[in-house]
Amino acid sequence: MEGLYVQAYGGPGRATSLRIRGLDSRWVMVMIDGMEVNDPMAIGGAFDFSDLSVDDIERIEIVRGPESPLYGSDAMAGVINIITKTGKRKPSFSLSGYTGSMDTWQTRFSSSGKIGILDYSLSASHMETNGIAKDDRYWRGSYAVKIGADILENLRLEGTLRFINGDVQYDDFDYRAYKTKNDPNQYQKTDRLIVTFTATYIPFEFWESQLKLGMSDTRRKYSDKWDPESTDHYDSGWGFVTDQLKSESSYTGRIKKIDWQNTFHVLDRKNIKDTLVVGYEYREDEGKSTYWSKTASYWGGWFLGVTKTKTRFPFRRTQLIGYYAQNELKLWDSLTLLAGFRIDDPDEFGGRTTYNLGASYHLKKTDTIFRVRYATGFRTPTLFELYAPPNPSWWFLGGNRGLSPEEGESYELGLTQSLFSKRLTFDFTFFHEAVDKKIIYYIDPVTWQGTYRNIATVVDQGIEAGLTLRPFKGLLLKANYTYVDPEDRERHLRVERTPLNQWSASVFYTWKDRVKAFLGARFVGDRVDSYWSNRTNHVNAYTVVDGKVSVKVCSHFEVFVRGENIFNRQYEEVKGYQAPDASWYLGGKIRF
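A. Region of interest: the overall build of the chain. If you tally the helices and strands in the chain, you get 2 helices and 37 strands. Its C-alpha atoms give the chain a radius of gyration of 25 Å, near enough to 25 Å, the size a compact globule of 592 residues would have. In terms of principal-axis extent, the alpha carbons of the chain reach across some 85 × 60 × 45 Å. In the chain, buried positions account for 48% of the 592 residues. Contacts spanning at least 24 positions in sequence make up 61% of the contacts within the chain whose residues lie at least 6 apart. As displayed, the chain has an accessible area near 29,100 Å², and 59% of this comes from carbon and sulfur atoms.

Structure representation (C-alpha cells):
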C-alpha cells in the first residue's frame, strides 16, 4: 500500500517496525480489535510487529495522516486497526501447516461458527525456524478466542482474548564494523496479552452506543551470557579490556482503556445525511523494568575486578482523559464535509486540543472524487522517556521529566479517478506533514552522557499514487508509488531509514475459485541508515519479488507453495542486518 514502509532487523522474529509517509513507528497507533497495543515501555512506545500472526485476521484498516481527534495520543502518523475474524456461518474447523526454508515449520488449528445467538472464533498456532544464520532460532505461539452474543435485536456483547509469546536468539551489533556479530547466548522472550470487552446497544434507530473495555500487556525479557567471539568482549586497543559476564533485563508495559462512543444519525434523508460521533476515553499507561549486569575489567593483562550494575524502574502510571466529537455531513450524495475535535487531559502536561477538517466532492459526470484534509496531532512522552532510571555503565542519565508532548500537523490534497465502469481506478495524493518538539536521545559531546530531549523538528512532504485494474473476471492488477522527502530541520539532514522512492506492483489471479495465484514486486530506494562517528551510513536500494500459488484439490483440502525473495536478492532493510535469502514454503489446509 502506498505510503507504508515496513523494515525488519534481519530474519524472522527480529524487531519489525512500520512507517507511514516517512514518519516512524512511534507515531503510528496500532490496534487489534479496537484496543491499542503499542508498548508504553518501549523507546517511543512503538509496536513491534515481529510476533504478530496473520492467520485469523479478517481485514486491516489503515488510516494515513494524524488521527488524534478520534484516537488521541500516538496517532500522529496514522492508525493501523487489525480486525480479527468473527463466526458467521455454521461451525467449521480447519488444520493447516507449512514447512520450508531455514528449517521453518508451522501448524495451526482454527474453528469458527454461529450457534443460535452465539458466535465464536478461535485459533492456536505454533511456528519455529532456525533463522538466516547460526544461532538465529525463533519460536512463536499464538492463541486467540473471540466470542459474541446477540442478546437482543439491539444489544450485542463481544469479548476477545489473544495471547502471543515469542522466543528469539539474536546477534550483537559491532559498531566498529557496523554489522551484526554472532552471539550464541543472547535471547529475547516476549509475552503479549490482549483482552477486550465490547457492548453495543441501539436504543433508537438514530442512536448507537458502544462501550469498550480493554487491556494490552507486553512483557519483554532479555538475557546474555559471556561469549569471547561476541561484543561481550571489548578491547579498547590501548590496554583496557572488559568482558560482560552476564546481563539480564525485563520490561513490563500495560495499557488499560475505557472508551464510550455514541453515533447519532442526526439526519437521514435523500439529499442530506448527517452523522455525529461523540465519545469519552479514559486510558492508563503502566510500566516497570529491571536491569542487572556483571562485568570483568582488565588493564594491561592485570585483573582489575568485577563490577555489578543493577537498576530498577519502579512501577509508574500515567493517565489520560479525552473527550471527542466528529461530524460528517453528506449533501446530494456528492459533497461530504468532515469536522472533528478532541480535548485531552494527560497527566503532567495540561490540556491538549486537536482537530481535523476535511471535504470531498464526487463529480459523477466523470466519476472523479476530489479530497482535501487538514489535521493536528500529538504524542505524550512514554513512561521510559520520562522515568527511566540512570545507568552509569551506559553513560545514560535516565529519563527526563521535563519533556513536553510532541506536536504535529498535516494537510493533503488528492483525487480518485475511475474509468470503464470502475475497472480502472487511479488515486493520487499530495501530503505535507510537520512534527515539532520531536523527542530524541541526545548525547552531550563533552561528557558523552545521554538522555531524552525535545530538540528536533521534522518536516516531510511527498506524493502517493495508486493504480488498480480489473481487465476481466478473476484478474486484478495493482501498482503504487510513494515519494517522501523528510528533513530534520534541527540538523538540516535527511531523516534516517526513510526511502525517497518506493513502488510495488502485484498481479492476483483466481480461476473458478480453485486456483489462486499472486506475484508481486517491490522496490525500496536508497536511504540513510544513520549518522555515526562523523560518517553517513547508507543502505542500498533493492527490488524483491514474492509469489504464491494455492490449489483447492477438493472442497475440504487445498495445497499451496509460497516463495519470498524469489530471485535471491542480497539486501538489507536496516544497515548491518542481512535480510533472508530466497525462501520457499510448501503447505496445506484441511477444512471440515
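What follows picks up the thread again.
B. How the structure looks around the packing of aromatic side chains. All told, the structure shown has 27 aromatic pairs when counted by the stated rule. With centroids separated by 5.7 Å and ring planes inclined at 80°, the aromatic side chains of Y98 and Y585 adopt a geometry described as edge-to-face. Of this pair, Y98 sits in strand β7 (residues 92-100) while Y585 sits in strand β37 (residues 583-591), and the two are 487 residues apart along the sequence. In textbook terms, an aromatic cluster arises when at least three aromatic residues are bridged by ring pairs, as seen for Y170, Y222, Y251, F384, F396, Y441 and Y452. When the ring centre of F560 is taken as origin, the NZ or CZ atom of K548, which lies over that ring, is 4.8 Å away.

C. Local environment of the pattern of salt bridges. Tallying each qualifying case throughout the model produces 48 salt bridges. The residue E286 makes a salt bridge to R254 at a minimum N-O spacing of 2.9 Å. Placement of the pair is E286 in strand β18 (residues 272-299) and R254 in strand β17 (residues 240-268), with a sequence separation of 32 residues. Judged by relative accessible area, which is 2%, E286 ranks as buried. With relative accessibility at 18%, the residue R254 sits in the buried group.

D. View of the side chain of K212. With respect to the helices and strands, the residue K212 is situated in strand β15 (residues 207-225). In this structure, K212 is buried with no salt-bridge partner, the nearest side chain bearing the opposite charge being E158 at 5.9 Å. Engagement of the side chain of K212 in a polar contact is seen with the backbone oxygen of D33, the distance being 3.2 Å. Within the structure, the side chain of K212 is placed 2.7 Å from the side chain of T198, a separation counted as a polar contact. With residues up to four places along the chain from it excluded, the contact list for K212 reads D33, G34, F197, T198, K257, I258 and D259.

E. Structural detail: the pairing of strand β33 (residues 542-554). In this sheet, β33 lies alongside strand β30 (residues 515-524) in antiparallel orientation, the contact comprising 10 bridges. Following the sheet pairing, V524 is matched in β33 by Y542. Here β33 pairs with strand β34 (residues 557-564) via 7 bridges, running antiparallel. Considered in β34, the bridge of C554 is made with F557. Here β33 hands over to β34 after 2 residues, the two strands then running antiparallel side by side.

F. The nonpolar core, seen in detail. One finds L18, I20, V28, V30 and I80 to be the most contacted residues of the largest nonpolar core, which totals 23 residues. At the level of elements, β2 (16-20), β3 (28-32) and β6 (78-84) are the ones that each hand at least two residues to this core. When residues of this core are assigned to their parent elements, the largest contribution, 3 residues, is made by β3. Excluding residues within four positions of it along the chain, I80 makes contact with L18, I20, V28, M29, V30, M31, I60, E61 and I62.

Quick notes on the rules
Residues numbered from 1 in each chain as written. Predicted model: local features only at pLDDT ≥ 70, side-chain atom pairs only at ≥ 80, totals over all residues. Heavy atoms only, no water. Helix = DSSP H or I, 4+ residues; strand = E, 2+ residues; numbered from the N terminus. Rg over C-alpha atoms; globule rule 2.2 N^0.38 Å. Buried < 20%, exposed > 50% of the residue type's maximum accessible area, 1.4 Å probe, protein only. Contact = heavy atoms within 4.5 Å. Areas by Shrake-Rupley, 256 points an atom, 1.4 Å probe, with all protein chains shown as cover. Phe/Tyr/Trp six-rings, centres within 6.5 Å; stacked < 30°, edge-to-face > 60°. Lys NZ or Arg CZ within 6 Å of the ring centre and 35° of its normal. Salt bridge = Lys/Arg side-chain N within 4 Å of Asp/Glu carboxyl O. Lys, Arg positive; Asp, Glu negative; His and termini not counted. Polar contact = N/O pair within 3.5 Å; in protein donor to acceptor, adjacent residues only side chain to side chain. Pairing = 2+ DSSP bridges. Core = buried A, V, L, I, M, F, W, Y, C linked by side-chain atoms within 4.5 Å.

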